[in-house]
Structure formats: structure tokens, C-alpha cells
Amino acid sequence: MSNSSKTNDSKASKKDKSSDTYKDTAGAGSVLSSVSGPSTSQPPKTLGSDDPVKQRLLDKTLGGQQLAEKISSNLNKPHEYGEASRTPLTGAIVEPTSPAAGSSTSSEIIASPKTGEGILFPGSNPTVDSLDRVRVDSSNQPLTTNQGVRIADNQHSLKIGLRGPTALEDFILREKITHFDHERIPERVVHARGSAAHGYFESYRALTEFTTAAPFSAEGKRTPVFTRFSTVAGERGSADTVRDVRGFAVKFYTDQGNWDLVGNNIPVFFIQDAMKFPDLVHSVKPEPHHAMPQASSAHDTFWDFVSLMPESTHMLLWQMSDRAIPRSYRTMQGFGVHTFRLVNAEGQSVFCKFHWTPLAGTHSLVWDEAAKIIGADPDFHRRDLWEAIEAGAFPEYELGLQIFTEDTANTFPFDVLDPTKLVPEELVPITPVGKMVLNRNPDNFFAETEQVAFCTAHVVPGIDFSNDPLLQGRIHSYVDTQISRLGGANFHEIPINSPVAQVHNNQRDGMHRQAIHRGRVNYEPNSLAGGCPFQAGMSGYKSYPEPIAEDKVRGNPELFSDHYSQARLFWQSQSPAEQTHIINAFRFELTRVQTPAIRARVVSLLVNVNAVLASSVADGLGIELPPAMPLASNLPIPTYPHSPALSLLTRQGTTGIATRRVALLISNGIDQKCVSTLYEDLLKDGAVPRLVGTRLGKVSTADGATLDIEITLEAGPSVLYDGVIIVQGDGSLQHNADALDFVRQQYRHCKPIYSIGGGILLAVAGVPSTFTDGTPDPAVIVDQEKIQDASLTQFKNALAGHRSFEREKDPCPV
């Protein structure tokens, strides 16, 4: 063979190999580019390199094209119209041939300490994992900037010479001061003052006959919760024990998404329509011309507004009752307020009311005590909740449901869509369905308690809304408020707000976005992501198809015009002591009102409730009884039997003296064995005893030993304790004004008093052991020498129960 022939053969061989290679790489340039592509559908087999990133890019491109080819049209579109649209179909999806098909970038497999290990978890959103992923601990770590740069000197600004000006280049100072300047976010307009805790809800049984809601899907199922308690009117720095409505909001982190049961400690509200909510809040907030008073309804603008809104009358009686000054967040009820719907798997619906009942009982303060606590400890409720959980005395609440059909609701003498009405338990009993236990305090108040966002619109399948016009407005208002308060539409990505259920949607961007989404698709329907994320069809949230055929109208149903029947029900169901407290509360609040016409107008509302109530309030204000406020309707006012469940005194609780605070008032010369026996016995039963004396330090016992005072009369005044035990010593306490005031306050606030070693301190303080009619006061107990078992048991029973309200006389004997 000639040399020329060899050369030609060699060229031909190279040409054939080159041709084969091109077949494998044809179109590779279009894959490597991001604009346009060949018209042929034959994809390249390689990008001409063994680089794993390039191979990943090829897999990504080919996988995306294959997904698009497999969805040739939107097959669900014909089902989106007419009768077929009542039953949504599950979205069409296609499984990708490669995990790279849905990626944003082929380089996602490259690991780094910031971007991660390059390992994929398809169908997962780790931004909604447990809070462990964002919990920070700085133990044994150096101080750094927000960019992770270690700070050498946190004591001094960068200066030009030791006595020179500060340098503008001091980025550490600027970052620190700038962050400090912006540490506060806008506080809530209402419910600004709050405290919260983590816990769980455990279902007693499956409620699948009524609802598909996840927390009630199985017996014993536990759902994580975060519960926030709050006052309504006060600002973030106001006191805890003001007279006010209390918020009781529970966020259920269910496996179907977050459900927020946003309620109060009172089952009704002031207004019937959300249109009036801004007016209500404006009226009860500090008056705009001088910004007073703080956290109080006792001023002209509030009473002016409610006196012109007679539908508020029922709520006013609740607010003037002891319900508005709870003993603690652990001893107050919670209510969903509105009528909600439960919907089962068959699409059948019933109405429902939600009730939280504390197992510790429902207990309140008395007004004089509440006012004094504001000075002694304005964080009283916050401290109580925190301390109880830290001590393992976990607050427990039983969830009960009032379930009734629409047909049953139509037989009631009131409209269940009216939020100024409750459903008496005599009409629909409460069915216990589960228990909530709060067993962990937040790690960080701001990150959790302050940033948690409750929204009435957050429901899960099986929970739906009624047409309550106040509820309908809240569905919009809460979400809108959180967008403003927390800086944008992505407040759901703040860790305390993120669900434990996976989140996958096409919402993108906005302020403070945390999630980094893979892929090029942010719309639905699509084919480039294989149709994902796809609509869930009948396995997703489906609103109850309530049939409605009405005209558009602004107005209320006629039954909404009954403003007084349930106010009468509440009044007549209270004990005599509770009725006296309501009268006194109206008198106090209206005395602070400056405008006489407003006082008279409020009393005219009360004339329609009860003659004794109205005349007593009028007498307390020194005015003539005005005519009754004209009724809004000619409909007859319904009557109700007494409802014992509306009285606090029927709700003692089941936890005994656990968490009750007891002062052991001691001085020199006391019996050491007596004090230690009491202390240990109270601790054993879960109470919180404190040795209280005139000064910190030691007191000498009769046998020559010593005991350490834990807190002084000055730092721990009477109002901070649920009861007192006096152990007589050297007699010095009977000459101490603070000690005398302590026992007088215990008596005036109707708390149990147990004196061991005689009752000389009580006698000097003027505290009687009998009521004015001569009968013994069971909550004033005196042992002459040593502890008697029967006496200690009597004290504990009084401590566990409600107060000795029979002491309350005007004027008080001490």
C-alpha cells in the first residue's frame, strides 16, 4: 500500500470517529447555553466531558424536556367548570427520570459548609422542620459580628488616638448600634402584652364522625401547640392584672398544616360586626388627645361608645365580673367565641363551639388585690406561667366542644351567628375531646412569643367558618396585621410560625424570604417541573358548600336585635358575691368617667338587665335611676333558666393546692420543727411555700437553730400569695406595721389564714375569726400550741377552693 493510501485511510478513520462523537454531542452547545435550542428533539448524549457538573446539567436539561413532553395538555381544565368543578381533581403529575430534572442549578451537588452537603431530599422543605434547626447556643464561643467576624475588642470604639474622634470606618460599632436601633418591631394593636408556652394537645378519641381535622383523627394522637395568653387593651409595657379581656390563642402544628384557634377568656364579644372593631379598639385605647389612661376601660371614650352600642351589654357584664381579673393564665377558661363548622370526610357539616377549661379550676383576683399587684409585680401573670412550667407544674386545659346541627341551631331563641351570644350548656352540653399540656417555656421571648403570628384564617381540613360577621372580618384582619407587623408576606417563614407539615407552593420573593427554591418553575399548571407542585384535589382543603341565595345587603338578622336576654342570664347565674363585684366594678369604672350623660346612658342599659343591678350602680354614682334604654326590636325578650356553669364558684378544679403560693410568716423564737414540717408538707402537695420575714438573713429558732428568710414583707407583699401561715415567735411581728398590713390584706382579699401558737397577731390586726352573724369563718384557723392535723387539712381545703367571700362587707371590718 502506498503512503498516500495510508494517509487517506487515516483521515477517513479520524472522520468516522469525529462523526460518531458529534452524534453524541449534537445540541450540547444549546444545553450549555441558556437561550434558544435546536429544533430537533434528539438530545445530546454527552456534553463532551466527564465533569460530573456538566453531566448533571445534561440530566437536568433532558429531564426537564421529558417532563414537558409527558404533559401535552392540561387534562383537568374541562373539569374546572360547571357541576364538575364542585369536586376538584388531583393535579396531574409525572415522575422525573432524574433528581436533577427539577433543580435550579447543576452545581447543587457541590458541597460546602454554607450550601450543604449536596445531598438531595426530594419533596422536602427543611425550613419547616423543628426549632432545633435555628436554636442557637453560644457556650464557649467567641463574640462575632453578624457576618461571623471575631470581635477583638467589645469595649471601645475605634478612635483616632486615645482621646480623638471616633472613626467612621468602625464597622463593628456601626453594626452593633444599627441593629440596636432597629430591635423593636411594631407592637400588636391589640393583645400587645402577652406570654406564651410550648406544649401538646392529646385527643381523647377520634372524632371522625364530625371532622377530618388532624388533631381529632385518632385516640391518643398528640399535636404540638404553642399557646399565647394576653391582655387586649394595654400596650406591651402595661401591667398584667388590669381589668381586661384576655386572649387565649393556640397554634396547633398539625400534620395537615397549622390551625390557629384564636380565642378569649370570655365567650362573647362587644360587637356583632367586624365593621365596628376599629371603633371599639379606638374607644378603649388611651384617649388620643393626651394618651391616657393606659390599659384601662375606665374613661369616657370607651363608655361613650358602648353606651351607644346596646349589643355590648352582655359583654359588659362579663368584663365587669371577676372573669376580667383572672388569678393566673393557668386558672382561666378559653373560648373560640364564634360558631365554627366541623366537616367530616363525607362533606357533612355541624356547628361547633370551642371551650378550654383549666384543670386547676377557674379562679380570679378581687379588684383591690388586682390593683395592688400592679404595683407589687406588674409581671404577675407572666411570672406565674413561667415559674409553674419551670417547676414542672405544667398547666393543663381540657378542650370541650359544643356540637349541634343547623336544624338545632334554628330552634334557639338567639342567632348562633351573633358573637354577643353564647350557647348555654343547658341547651348543648360540652363534650370533652382532649387535653392540652403546656410543658416548655420559650427559649427566646422575642423570637417566639413576640413574633408568633396567630390568624383566624389558619384552618385545616375539617374546620370551616360560619357566617358570623365578626369572624368573617377577622379572617382578613389578622393576616393583614401580621404582614404589617412582621415586615412582609413571608411572616410564615419565621421559625415559630412555620408548620411541621411540608410547604410547597409557587409563592416567591418578598421581604425576608428564607426558602431558596430549586428550579425554574413558579406557576401552576406547568410541565417543566412535571406538574409539581400539584393541586391536591379532594385530599386538600375543601370549603363547605353552603347553599346561599340572597341579595347583597348591609344589615343584621332580626334576632341580633336582642341585646339583653343573655346579659340577664349571666347576672342571674352569678353568686351574690360575684353580683356585688359586678356592681362595684361598674361603680368604679363609671366614677372615673367625667361626662354625666355617659354615666346615665350606661345605667339605662342596665335597667334592661336587672333592677337591683341598675339601682345599685345608680346609687353608687349618686344619680337618679334613668329610664330604660329603648329596645331595638319589638320581639319578646327570651328567658333562660339559671346556668351554674357561668359562675366561677362551680369551677374549683381538680389539682388541689398545687402551685398555690403560701407565705410562712416567721420571726425569732419560732418552733423550727413546726416550720420545717409545714414547709415540707406544702411542698409535698405541690404548693410553693416561702419563708417571709421583716429582713433578709437568719431568724433564731426556740431551740437555738436558725432559718433563712427567703423574701421580705417589702419585696413579697400579701397580694402575691394565695394564703398565709403565721408561726408565732417572739411577738415582734405584732409591733410591725408591714406584718399587720400583711394579715389584714390576706383577710380583706378573702384568703385562708392559719395561725399556729395562738392568734395574737390576728387580734392586734383586728382580724375576726367569725363572720358578722357570729358563725365561724372556715378560712381563719387558729391552733393554740402546735399543728393539728385537722387544722392543716382545713387550711389546705380552703387554699384549694374559692375564697371566703362571706367576709366581704361594706365597710370591711379591718
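Our subject in this report is the structure included herewith. (Residues numbered from 1 in each chain as written. Predicted model: local features only at pLDDT ≥ 70, side-chain atom pairs only at ≥ 80, totals over all residues. Heavy atoms only, no water.)

### Focus: helix α12 (residues 469-485)
- Spanning 17 residues, α12 covers 24 Å between terminal C-alpha atoms, matching the ideal 24 Å at 1.5 Å per step.
- A maximum bend of about 25° is found in α12 at Ile475.
- Those residues of α12 lying buried are Leu470, Leu471, Arg474, Ile475, Gln482 and Arg485.
- Buried residues along α12 sit in contact with β4 (257-264), β6 (340-343), α11 (445-450) and β10 (463-465).
- Phi turns positive, to about 90°, at Gly487, one or two residues after α12. (Helix = DSSP H or I, 4+ residues; strand = E, 2+ residues; numbered from the N terminus. Expected span 1.5 Å × (residues − 1). Bend = angle between axes of the 7 residues up to and from the residue. Buried < 20%, exposed > 50% of the residue type's maximum accessible area, 1.4 Å probe, protein only. Contact = heavy atoms within 4.5 Å.)

### Describing the pattern of salt bridges
- Scanning the model with the defined rule gives 40 salt bridges in all.
- Across the pair Lys796 and Asp681 runs a salt bridge whose closest N-O atoms are separated by 2.3 Å. On the criterion of sequence distance, the pair formed by Lys796 in helix α20 (residues 789-800) and Asp681 in helix α17 (residues 672-684) is long-range, its members being 115 residues apart.
- Residue class for Lys796 comes out buried when judged on its relative accessible area of 15%.
- Asp708 is paired through a salt bridge with Lys698; the nearest N and O atoms lie 2.8 Å apart. Of the two residues, Asp708 is situated in strand β14 (residues 706-709) and Lys698 in strand β13 (residues 697-700); the sequence distance between them amounts to 10 residues.
- Among the charged side chains, a network of salt bridges with common partners joins Arg327, Arg330, Asp384, Glu387, Arg661 and Asp722. (Salt bridge = Lys/Arg side-chain N within 4 Å of Asp/Glu carboxyl O.)

### Section: the packing of aromatic side chains
- Scanning the entire structure with this criterion turns up 26 aromatic pairs.
- Consider the rings of Trp367 and Phe588, whose centres lie 5.2 Å apart with planes at 55°: the pair is tilted. Pair noted here: Trp367 is in helix α8 (residues 367-376) and Phe588 is in helix α14 (residues 576-591), with a separation of 221 residues, a long-range link.
- Under the relative-accessibility criterion, Trp367 is labelled partly exposed at 28%.
- Linked through ring pairs, Phe201, Phe216, Phe229, Phe248, Phe252, Trp259, Tyr329, Phe340, Phe354, Trp356 and Tyr397 together constitute an aromatic cluster. (Phe/Tyr/Trp six-rings, centres within 6.5 Å; stacked < 30°, edge-to-face > 60°.)

### Quick notes on the sheet that holds strand β12 (residues 688-693)
- Strand order in the open sheet made by the 6 strands is β15-β12-β11-β16-β17-β18, with parallel pairing throughout. Edge strands, defined here as strands with exactly one partner in the open sheet, are β15 (711-712) and β18 (780-783).
- In this sheet, strand β17 (residues 753-756) lies alongside strand β16 (residues 723-727) in parallel orientation, the contact comprising 4 bridges. What sits directly across from Ile726, in β17, is Ser755.
- Where helix α18 (residues 737-748) meets the sheet, its contacts fall on β11 (661-665), β16, β17 and β18, and the angle it forms with β16 comes to roughly 140°. (Pairing = 2+ DSSP bridges. Axes fitted to C-alpha atoms, helices over the stretch in contact; angles between N-to-C directions.)

### Structural notes on the pairing of strand β7 (residues 349-358)
- Of all 10 residues making up β7, 9 are buried, and the element is well covered by its neighbours.
- Hairpin connection of β6 to β7: 5 residues between the antiparallel strands, including Gly347 at a positive phi of 85°.
- For β7 and strand β8 (residues 396-404), the ladder comprises 8 bridges, and the chain directions are antiparallel. Along β8, the bridge assignment pairs Phe354 with Leu401.

### Quick look at the packing of helix α6 (residues 300-307) against helix α15 (residues 596-607)
- Direction vectors running N to C along α6 and α15 enclose 40°, while the axes themselves pass 9 Å from each other. The pairing of α6 with α15 is recorded here as oblique in orientation. Between α6 and α15 lies a crossing whose hand is left-handed. Here Asp300, Trp303, Asp304, Val306 and Ser307 of α6 come into contact with α15, specifically with Ile598, Arg601, Val602 and Leu605. (Parallel < 35°, antiparallel > 145°, perpendicular 65-115°, else oblique. Left-handed = near helix turned anticlockwise from the far one by under 90°.)

### Some details on the layout of surface pockets
- Put simply, the second largest pocket is a space of about 1,400 Å³.
- Taken together, the elements giving at least two residues each to the lining of the second largest pocket come down to α4 (171-181) and α11.
- Of the residues contributing to the lining of the second largest pocket, the split by class is 17 nonpolar, 14 polar and 7 charged. (1 Å grid on protein atoms, 1.4 Å probe; cavity = no way out; pocket = protein on both sides within 12 Å on 5 of 7 lines; lining within 4 Å. Points joined across faces, edges and corners; volume = space filled by probe spheres on them. Nonpolar A, V, L, I, M, F, W, Y, C, P; charged D, E, K, R; others polar.)

Take it as geometry only, folks, not as evidence of what the structure does.
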